[in-house]
Amino acid sequence: MTRPAARPRPSILFVLTDDHAAHAISAYGSRVNSTPSIDRVGAEGARLDAMYCTNSICTPSRASILTGTYSHVNGACSIYSQFDYRVRTFPEVLQERGYRTALYGKWHLGTAEKATPRGFEDWKVFPDQGDYVDPVMYGPGGQERIRGYATDIITAQATSFLDELGADDPFCLLVHHKAPHRPWVPHPRHEHLYEVGTIPEPETIGDDHEGRSDAVRQVRMTLDDLTEHDVKEPVPEELRGEERLRERSAWKYQRYMRDYLRTVQAVDDSVATLLDWLEEHDRAEDTIVVYTSDQGFFLGDHGWFDKRLMFDESLTMPFLVRWPGQIPAGTEVEAMATNVDIAATLLEACGVEPAALPAQQGRSLLPWLRGESVEDWPDAVYYRYWEHDEPAHHAPAHYGIRTRTHKLIHYYNDGLGSPGSSDAVWPAQWELYDLVADPAELTNVAEDPAYAGIRAELEAQLARLQADVGDAPYAGPDTPRLDWSV
C-alpha cells in the first residue's frame, strides 16, 4: 500500500500592522472601509472574534507576540522599555530548527545592541517609530535611508527575501508595517479614497464620559486633542472656541480618518502582493498566513483616538489566519484568546514542542482553528497597562478582567517606577461594565448595589488570573517595584 506523501513543514508569513483596529477591516463588519485582500485571509481560513491584547501599546504587545509572555515577564511594559534579550522568541526557536527567518519593518523594542532583533538571518527595521516617506532603516549591515513609501518598501524587502528561498525551504517571515500608526501619511495613489465628509461617525462619538473614573476623564486622547500635524491643515477660525467643540471634533475626525484609512489601503495592497507571490510560487498550500495588529484603536469611538485603555475598541486585536488543508475556510473562532497565545499556536503548527519556549504563558489556538473545542479553555482574559500618566496622553495605570458578559477595571493610578510613567499617584478607582446590557460600555456600574455580587465575583476571578500569570496586584504605594532594566 502506498502511503500518501508527508506534508512539508509549514512556513509562516506573519503580517503585523500597528494600530489597525478590527472595526477598520471589512471582514469584521467595518462601516468605514473595505479591505478585500486582508479579508481573503480570513475567508480562506479563520477569523478570530475574541482576540485581545494584554497591554494595549506597541512595544509591550510586540514583545508578548514574540515571546508568548506578559509584560512583567518579558520586561517590555511600555514604549520606553528595552526588550529583554534573555527571553526567547518563537523566530529564534524556528531558526534553530532549520527555518529561514527574516523581519522587515517596525521593531520598536529598543535600539540598544542588546535589544536588536535576534533569531533572523536577515532583518531591516526602523529606528523607533520610523517614517512613512524615505525612511531610515537599519540592519546587520548598518543604517541607510531608503527612498520610497514605507509600506511598499517593507513589501519589496519581504518579496526579495522570498525570491531567494529554495523551493522547499521552510521560512518564517515577519512583515511588520508601520501603518496605520500616527501621523497617518498616505501614499498619493490613494488620495482619491475616503474623502472628507463621507466617513460614517461611530455611534459613541459624542460620549460625554459621564460616570467614568476621574483618571479616564482626563486622558489627552479626545478628537479635539488631534493636532494640526495630525489633520494636515489648520482648524477654520469659525470652529474655534469651546462652544464649537462638537463641530470641531467632527471636522478633525473626518481628516484623521481619511488619512488613517488611506494608509490601511496601502497595507491591503501589500497583502495582495504577498498572497499573489505565494500562489505564483506554489507555496500557498503549506504557508500559514497571519494578519493581525499589535492592538486595537479608537476610531472616534467614545470621542477618542489612540489606544491604551481597556475599552473594547482598544483591547480587541484583529486576527485572521489561513492554512489550506488544515484550517477549514470560513472558520469563525469565538474562544477568548490573547496575543500571549500566538507564539504557542505557531510553534505547535510547526511541530515544535512547548518546552522549546520555556517562559511562554500562552496556549495553542490550533484546536480551535481546526474546528475542535477545548473544554478547559479560559473564559476570561487579563489585561494590564503600566505606562501611567506619560506626558503625551496621560492614560492611567490599570489592570482588569474581561469575560464574555462583564468587564472589571481597576485604575490603581501609580506608575510603580515603570519606564515613561510619571511619579504622580492618584486615588484608585474602579469601573464595571455589563457587556450584555451595555455593549458600548457607556455606563459604569461599579458602585451600583445591584451589581455588588457580580463585582465581588469578578474581583475574585481577577485575583486568580493575576496569580495564574504571576503578576502581583496593586497593594498601595508600597507595592514592590519591578526591575525593568535589561
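Preceding this section is the structure that the text describes.
Here is a short report on the structure shown in this document.

So, about the overall build of the protein chain. The helix and strand tally for the protein chain stands at 12 helices and 16 strands. Relative to a compact globule of 486 residues, whose C-alpha radius of gyration would be 23 Å, the protein chain shows 22 Å and is just as compact. Look at the contacts in the protein chain between residues 6 or more apart in sequence, and 71% of them connect residues 24 or more apart. Accessible surface computed for the protein chain: about 18700 Å², of which carbon and sulfur atoms make up 50%. Computed over 45 positive and 78 negative side-chain charges, the separation of the two mean positions in the protein chain equals 3 Å.

What follows deals with the packing of helix H1 (residues 36-43) against helix H8 (residues 245-280). Interaxial distance between H1 and H8 falls to 7 Å at its minimum, and their mutual angle equals 50°. Looking at the two axes, H1 sits oblique to H8. The segment H1 lies against H8, with Pro36, Ser37, Ile38, Arg40 and Val41 engaging Val267, Asp268, Val271, Ala272, Leu275, Asp276 and Glu279. When its residues are assigned to classes, the contact of H1 with H8 shows 7 nonpolar, 1 polar and 4 charged.

Sheet architecture is open: 4 strands sit in the order E13-E14-E15-E16, paired in antiparallel fashion. Two strands lie at the open edges of the sheet, namely strand E13 (380-385) and strand E16 (429-434), each paired on one side alone. Shown here is a sheet whose adjacent strand axes are inclined to one another by a mean of 10°, direction ignored. The sheet contact formed by strand E14 (residues 398-403) and strand E15 (residues 406-411) spans 4 bridges and is antiparallel. For Tyr399, the partnering residue across the bridge sits in E15 and is His410. Sitting on the sheet, helix H12 (residues 452-469) is in contact with E13, E14, E15 and E16, with an inclination near 110° to E14.

Turning our eyes to something else, we now look at the pattern of salt bridges. Tallied over the entire structure, the rule returns 44 salt bridges. A salt bridge links Arg62 to Asp18, with the shortest nitrogen-to-oxygen separation between them at 3.2 Å. Of this pair, Arg62 sits in helix H2 (residues 58-67) while Asp18 is found in the loop between strand E1 (11-17) and H1, placing the two residues 44 residues apart along the sequence. This pair shows no difference in class: Arg62 is buried, exactly as Asp18 is. Two residues, Arg100 and Glu121, come together in a salt bridge whose shortest N-O distance is 2.8 Å. Linking Arg100 in strand E4 (residues 100-105) with Glu121 in the loop between E4 and strand E5 (122-125), this pair joins segments that are 21 residues apart in sequence. By relative accessible area, which is 23% here, Arg100 ends up partly exposed. For Glu121, a relative accessible area of 39% corresponds to the partly exposed category.

Our focus in this paragraph is the side chain of His72. Turning to its location among the elements, His72 is positioned in helix H3 (residues 71-74). His72 sits in the buried class, given a relative accessible area of 18%. One polar contact links the side chain of His72 to the main-chain carbonyl oxygen of Val469, over a distance of 2.8 Å. Engagement of the side chain of His72 in a polar contact is seen with the backbone oxygen of Gly470, the distance being 3.3 Å. Those residues in contact with His72 that lie beyond four places of it in its chain are Gln361, Trp386, Val469, Gly470, Asp471, Leu482 and Trp484.

Here Ala179 and Pro180 are connected by a cis peptide whose omega angle stands at -5°. With respect to the element layout, Pro180 can be found in the loop between strand E8 (171-176) and helix H6 (214-217). At Lys232, a residue that is not glycine, the phi angle is positive and equals roughly 75°. Mapped onto the elements of the fold, Lys232 is located in the loop between helix H7 (228-231) and H8. Under the relative-accessibility criterion, Lys232 is labelled partly exposed at 38%. Notably, Asp282 is not glycine yet its phi reads approximately 55°, a positive angle.

What follows is about the pairing of strand E6 (residues 136-139). Judged by which residues are buried, E6 turns out to be covered on both faces: Val136 and Tyr138 on one side and Met137 and Gly139 on the other are all buried. Summarising the sheet, E6 and strand E7 (residues 142-145) pair through 4 bridges and their orientation is antiparallel. Directly across from Tyr138, in E7, lies its bridge partner Gln143. Joining the antiparallel neighbours E6 and E7 is a turn of 2 residues.

Parameters at a glance
- Residues numbered from 1 in each chain as written.
- Predicted model: local features only at pLDDT ≥ 70, side-chain atom pairs only at ≥ 80, totals over all residues.
- Heavy atoms only, no water.
- Helix = DSSP H or I, 4+ residues; strand = E, 2+ residues; numbered from the N terminus.
- Rg over C-alpha atoms; globule rule 2.2 N^0.38 Å.
- Contact = heavy atoms within 4.5 Å.
- Areas by Shrake-Rupley, 256 points an atom, 1.4 Å probe, with all protein chains shown as cover.
- Lys, Arg positive; Asp, Glu negative; His and termini not counted.
- Charge placed at Lys NZ, Arg CZ, Asp CG, Glu CD.
- Axes fitted to C-alpha atoms, helices over the stretch in contact; angles between N-to-C directions.
- Parallel < 35°, antiparallel > 145°, perpendicular 65-115°, else oblique.
- Nonpolar A, V, L, I, M, F, W, Y, C, P; charged D, E, K, R; others polar.
- Pairing = 2+ DSSP bridges.
- Salt bridge = Lys/Arg side-chain N within 4 Å of Asp/Glu carboxyl O.
- Buried < 20%, exposed > 50% of the residue type's maximum accessible area, 1.4 Å probe, protein only.
- Polar contact = N/O pair within 3.5 Å; in protein donor to acceptor, adjacent residues only side chain to side chain.

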